[in-house]
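Coordinate analysis (summary)
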Amino acid sequence: YENMYYRDMVDFIRTFFGKALKSNSALKFALLTGCLRISKESIFTGLNNFSCFGVAENRFSDKFGFTESDIDKLLEITGFSEKKRLIEEWYDGYSFGKQQSMFCPWDVISYISSLYDDNESVPTTYWVNTSGNSIIRDFLNNTNFHIRDDFEKLLSGKCISVQINNDITYESLYVSKDNIWNILYSTGYLTKASNDLIKKYNLINTINQSFLVIPNREIRSIFITSANDWFSN
């Protein structure tokens, strides 16, 4: 998409998946993972019996990350139970379906690994080194959107109301600011507000609309860094 090969790539993937997933007599079951639903691109033309489970679905919602019981077991095995509060502050806070208080596996494992080298090691932004954060900077630079108020709410720990759309494509990314918030939601920069936060601000969920929030201290630091770069420029 960034280098103007989007349509060519969609055509290629459509043919590839058709051969690999539809007319492959040796295949019994296949699992695809990713950040966005891609059915709208007609990549799966003619491919039947396809089920999609996103971050808002209840089924398999406990498989998108580490649960609190997973963390307790992991810290007990590794001997770092006293670090749980720090890990919660930095890497907890995700909501998938009805499953709340989910932890980012990559961050938790990376931090525990660093603790083996130095028991006094402090949490840091491990995820920022494995993902591109240009989408936030592009969003801030887009003068068609008035997002300052929403951005300030997020940075202060409050939530914003967003119309959820599961059929966003990369080509429609910058059509509306809601589309950008949706991408940030589906890729882990934002998550659904917890029940406690919704009750705290007396919020009411409506159909296809959700309240989104920055999940933890690590992601908040990414937003702050992006905002600082924006203001510097």
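Summary of the structure given here. Just so you know, these numbers come straight off a predicted model, no measurement behind them.

Here we come to the layout of surface pockets. Its boundaries defined by the atoms lining it, the second largest pocket holds a volume of some 320 Å³. Lining the second largest pocket are 17 residues, with S194, L197, V213, I214 and P215 positioned closest to its centre. Elements with a contribution of two residues or more to the lining of the second largest pocket: β2 (99-102), β4 (191-192) and α8 (195-200). Broken down by element, the residue count for the lining of the second largest pocket peaks at three residues, all from α8. For the lining of the second largest pocket, a count of residues per class yields five nonpolar, nine polar and three charged.

Formed by 29 residues in total, the largest nonpolar core has its most connected members in F139, W181, L184, Y189, L190, I219 and F223. When residues of this core are traced back to their parent elements, those giving at least two are β1 (94-96), α6 (148-155), β3 (160-163), α7 (177-186) and α9 (217-232). Of all hydrophobic cores here, the second largest spans 12 residues; its members include F80, I87, I112 and Y126.

Turning to the packing of helix α2 (residues 68-78) against helix α3 (residues 84-91), a few remarks are in order. Where α2 meets α3, the axes come as close as 11 Å, and the angle between the chain directions of the two elements is 140°. When the axes of α2 and α3 are compared, the pair comes out oblique. Pair α2 / α3 crosses with right-handed handedness. Taken together, the residues of α3 that come into contact with α2 (itself represented by E68, D72 and L75) are K84, I87 and E88. When its residues are assigned to classes, the contact of α2 with α3 shows two nonpolar, no polar and four charged.

The next subject is unusual backbone geometry. With a phi close to 65°, F60 is a non-glycine residue in the positive phi region. By the element assignment, F60 lies in the loop between α1 (6-22) and α2. You can call F60 partly exposed: its relative accessible area is 40%. Of note, the phi angle at N202 is positive, near 55°, even though the residue is not glycine.

This next bit is on the sheet that holds β3. A sheet is described by the order of its strands in space; here three strands give the open sequence β3-β5-β4, paired in antiparallel fashion. Sheet topology places β3 and β4 at the edges, where each strand pairs with a single neighbour. Note: β3 against strand β5 (residues 209-213), four bridges, orientation antiparallel. Looking at β5, one finds that S161 is bridged to F211. Sitting on the sheet, α7 touches β3, β4 and β5, and the angle it makes with β3 is about 100°.

Cut-offs used in this document
Residues numbered from 1 in each chain as written. Predicted model: local features only at pLDDT ≥ 70, side-chain atom pairs only at ≥ 80, totals over all residues. Heavy atoms only, no water. 1 Å grid on protein atoms, 1.4 Å probe; cavity = no way out; pocket = protein on both sides within 12 Å on 5 of 7 lines; lining within 4 Å. Points joined across faces, edges and corners; volume = space filled by probe spheres on them. Helix = DSSP H or I, 4+ residues; strand = E, 2+ residues; numbered from the N terminus. Nonpolar A, V, L, I, M, F, W, Y, C, P; charged D, E, K, R; others polar. Core = buried A, V, L, I, M, F, W, Y, C linked by side-chain atoms within 4.5 Å. Buried < 20%, exposed > 50% of the residue type's maximum accessible area, 1.4 Å probe, protein only. Axes fitted to C-alpha atoms, helices over the stretch in contact; angles between N-to-C directions. Parallel < 35°, antiparallel > 145°, perpendicular 65-115°, else oblique. Left-handed = near helix turned anticlockwise from the far one by under 90°. Contact = heavy atoms within 4.5 Å. Pairing = 2+ DSSP bridges.

Any functional reading would require information beyond the geometric quantities listed.
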